[in-house]
Amino acid sequence: MSQLPFLSVSGLTCERDERILFESLDFTLSVGEILQVSGPNGAGKTTLMRVIAGLSLDFRGQINWCNQPVEDDRPGFQSSLLYMGHQPGVKSTMTPEENLQWAMGLHRSLTREEIWGALEKVKLRGYEDVPCYQLSAGQNRRVALARLFLAKQKLWILDEPFTAIDKLGVAELEQTLVDHASSGGLVMMTTHHEMNVDYSGFRQLVLGEKQ
Amino acid sequence: MSVSQGVMVVLRRDLHLAFRNRGDLINPLIFFMLVATLFPLGVGPDPDTLLVMGGGVIWVSALLANLLAMDSLFRSDFEDGSLEQLMLGPQPLWMIAMAKVISHWLVTGLPLTLLSPVLAIMFGLPVTALPAIVATLLLGTPLLSLIGAIGAGLTVGLRKGGILLSLLTLPLYIPVLIIGTGGIDAAVSEMVWSGHLMWQGVLLVLGVTFAPLAISASLRVSISG
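As a convention, each chain's residues are numbered from 1 in the sequence order in which they are written. Here the convention is simple: chains get letters from A, ligands get numbers from 1, in the order in which they are written. Only residues with pLDDT of 70 or above have their local features reported here, since the model is predicted, and side-chain atom pairs are shown and tallied only from 80 upward, although totals for entire chains, interfaces and linings are computed over all residues. Hydrogen atoms and water are omitted, and side-chain values are computed over all heavy atoms in the structure.

Engineer: Any chance you could explain the overall build of chain B here in plain terms?
Structural biologist: Secondary structure summary: chain B contains nine helices and zero strands in total. Here a helix means four or more residues in a row that DSSP labels H or I, a strand means two or more in a row labelled E, and each is numbered from the N terminus. Each helix (α) and strand (β) of chain B, taken in turn from the N terminus, gives the series α-α-α-α-α-α-α-α-α. For chain B, whose C-alpha radius of gyration is 18 Å, the value lies close to the compact-globule estimate of 17 Å for 225 residues. Principal-axis analysis of the C-alpha atoms gives chain B an extent of 55 × 30 × 30 Å. A total of 225 residues make up chain B; the buried ones form 52% of that total. Residue contacts follow a heavy-atom distance rule, with two residues in contact if any of their heavy atoms lie within 4.5 Å. In chain B, once contacts between residues fewer than 6 apart in sequence are set aside, the share between residues at least 24 apart is 82%. Computation of the radius of gyration draws on C-alpha atoms, with the globule rule given as 2.2 Å multiplied by the number of residues to the power 0.38. We call a residue buried when its accessible area falls under 20% of the maximum for its residue type, exposed when it is over 50%, and partly exposed in between, using a 1.4 Å probe and counting protein chains only.

Next comes the structure, spelled out in structure tokens:
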């Protein structure tokens, strides 16, 4: 049972309104790898992310987590998954601290110091008691990204995590992803941003290329 | 991390949010009082008429107030992406759904039940009927929340889900309404009303057993679409 976790996808086909987004997609993602899904707008990047996370059930094909179909053990898969979609999932009437408390509280109990540490890392220390509606779009995104520093989950599925983040923040985030991958994690992400990482486990998957 | 702890996190969060948006908390209660107050103005203040329709008016007002608060059950979570986070947590979705329904009942159904004796006295219902009113609402309002949540889950992805939600759930509220008002009528005419209460208990047990599964299925459909 001490097998390293990995994600394998085979024959994944998804169509929307009789338009095939991707067909017979096969790939694997192993420990230590960062997979960037790229492609033009409308190529199905977000759909692919949602399908793999288990939000969208409208697809054909097989998704395995550690050689086991994800349908067989969804709670097990979800407890090792951290998903971040287009909407950051930050409650505007709550403070950053409260937001992290509940968002990560589904996975494990947190101490106040841990949360403050994570907010420090995304440069929101001092804002922990400010309701999120008073924060900027980038700061709200950072509240969501602070989850990455608290997460114990292995598999990160991040859909456009760099949206509204400044240049310095993007560089730090790239480093965070590399750190996670090199310490035994798996990252799957979409972005239009040129990833500036020098890391052996970095791969790209391009969707929407004409055959 | 145990499952029950995750459910407590969701329950605490929802109650916390409800008390932060006080307007949403108080509006259904004011609506409840207002609707019930309109009836005597419409049909006239004849005590005998009010005595006959009092129980029904209280129940219909409670039902509409419950429906008013229903639309917001999943909507804000859907719009800011929190619902996806809740769905992808390690807890089974039906438990999360149950936590949300409990918090919804605590902020609407329970206050409505506690307010109902005031309305009952306003309608001139006999004091002996008060326990029946509170008891039928206490058993009936959780069921309204459970049924409504199925509709709320189905319509959360739609831009104008509010009216569709009413059309979907109001017919399903009918059995709850009939049994609830039947119990009050029996109590007003000084008959035994424990039978009605037991039927409500039966419906509530059925609701608690099956509605969470239906709610989680309806949420999956909405999110997947």
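Engineer: For this particular structure, what's the right way to read unusual backbone geometry?
Structural biologist: Most peptide bonds adopt trans geometry, and most residues besides glycine take a negative phi value. Of note in the backbone geometry, Asp17 of chain A takes a positive phi value of approximately 50° without being a glycine. Assignment of secondary structure puts Asp17 of chain A in the loop between strand 1 (7-16) and strand 2 (19-29).

Engineer: Would you explain the interface of chain A and chain B in this entry?
Structural biologist: A common way to state how big an interface is: give the accessible area lost once the parts meet. Between chain A and chain B, the contact holds 29 residues from the first and 27 residues from the second. Carbon and sulfur atoms supply 56% of the area buried between chain A and chain B, which totals about 2500 Å² over both sides. Two parts placed together each lose some accessible area; with a 1.4 Å probe, that loss summed over both constitutes the buried area. Contact with chain B buries surface across chain A, with Lys91, Trp102 and Leu106 of chain A losing the most and accounting together for 28% of the total. Salt bridge, as used here: a side-chain nitrogen of Lys or Arg that lies within 4 Å of a carboxyl oxygen of Asp or Glu. Run the count over chain A and chain B and you get four salt bridges. Note that Asp77 of chain B is salt-bridged to Lys91 of chain A, the shortest N-O span being 2.7 Å. Distance and chemistry together define a polar contact, namely a pair of N or O atoms within 3.5 Å, with one atom able to donate a hydrogen and the other to accept it when in protein, and with adjacent residues in sequence counting only for side-chain atoms on both sides. For the interface between chain A and chain B, the tally reads 12 residue pairs in polar contact (both at pLDDT 80 or more).

Engineer: Quick question: what am I supposed to make of the packing of helix 2 (residues 22-43) of chain B against helix 6 (residues 93-122) of chain B here?
Structural biologist: Helix-helix packing: each pair is described by the crossing angle between the helix axes and the interaxial distance. Residues and elements named next belong to chain B. Where helices are involved, their axes are fitted lines through C-alpha atoms of the stretch in contact, as for all axes, and angles between N-to-C directions lie from 0 to 180°. Their axes nearest at 10 Å, the elements helix 2 and helix 6 cross at an angle of 25°. Considering their axes alone, helix 2 and helix 6 lie roughly parallel with respect to each other. In this structure, helix 2 crosses over helix 6, and the sense of that crossing is right-handed. Contacts from Leu25, Pro28, Leu29, Phe32, Met33, Ala36 and Thr37 in helix 2 reach Val107, Thr108, Pro111, Leu112, Leu115, Ser116, Val118, Leu119 and Met122 in helix 6. Any residue that is not Ala, Val, Leu, Ile, Met, Phe, Trp, Tyr, Cys, Pro, Asp, Glu, Lys or Arg is counted as polar, Gly included; the first ten are nonpolar and the last four charged. Taken together, the residues of the contact of helix 2 with helix 6 sort by class into 13 nonpolar, three polar and no charged. Relative orientations are named as follows: roughly parallel for angles under 35 degrees, roughly antiparallel for angles over 145 degrees, roughly perpendicular for angles from 65 to 115 degrees, and oblique for any other angle. In this scheme the crossing of two helices becomes right-handed for a clockwise turn of the near helix relative to the far one and left-handed for an anticlockwise turn of less than a right angle.

Engineer: Before we go on, may I ask you to explain the sheet that holds strand 2 of chain A in this structure?
Structural biologist: Sheet strands line up and pair through hydrogen bonds in the backbone, either parallel or antiparallel. Residue and element names in this part refer to chain A. Pairing in this open sheet of four strands is antiparallel, and the strands run 2-1-4-5 from one edge to the other. Strands at the two margins of the open sheet, each flanked by one partner only, are strand 2 and strand 5 (68-69). By the bridge criterion, seven bridges tie strand 1 to strand 2 in an arrangement that is antiparallel. Within the sheet, the bridge partner assigned to Arg16 lies in strand 2 and is Arg19. For two strands to be treated as a pair, DSSP must find at least two bridges joining them.

Engineer: Explain the confidence of the model for chain B to me, please; I cannot follow it from the model alone.
Structural biologist: Caution is warranted with low-pLDDT regions, since their predicted coordinates should not be read in detail. pLDDT measures how confident the predictor is about each residue, on a scale from 0 to 100. For chain B, the average pLDDT comes to 92, and 100% of its residues sit at 70 or higher. For this predicted complex, the interface confidence comes out at an ipTM of 0.89, alongside a pTM of 0.91.

Engineer: Can you help me understand the nonpolar core in this one?
Structural biologist: Nonpolar side chains tend to gather and get buried jointly when the protein is soluble and globular. With 87 residues, the main nonpolar core has Leu48, Ile52, Leu155, Ile157 and Met188 of chain A together with Phe74 of chain B as its most contacted residues. If one sorts the elements of this core by residue count, helix 3 (residues 47-70) of chain B sits on top with 10 residues. In this document the domain limits rely on a domain assignment from an automatic tool or a database. Mapped onto the domain boundaries, this core takes at least three residues apiece from domain 1 (1-80 + 157-211) and domain 2 (91-152) of chain A. Once residues within four sequence positions are removed from consideration, Ile157 of chain A is found in contact with Met49, Ile52, Ala53, Leu81, Leu82, Tyr83, Met84 and Met188 of chain A. By size, the runner-up hydrophobic cluster in this structure holds 35 residues, among which are Ile34, Ala118, Ala151 and Leu177 of chain A. In plain words, nonpolar cores are sets of buried Ala, Val, Leu, Ile, Met, Phe, Trp, Tyr and Cys residues tied together by side-chain atoms within 4.5 Å.

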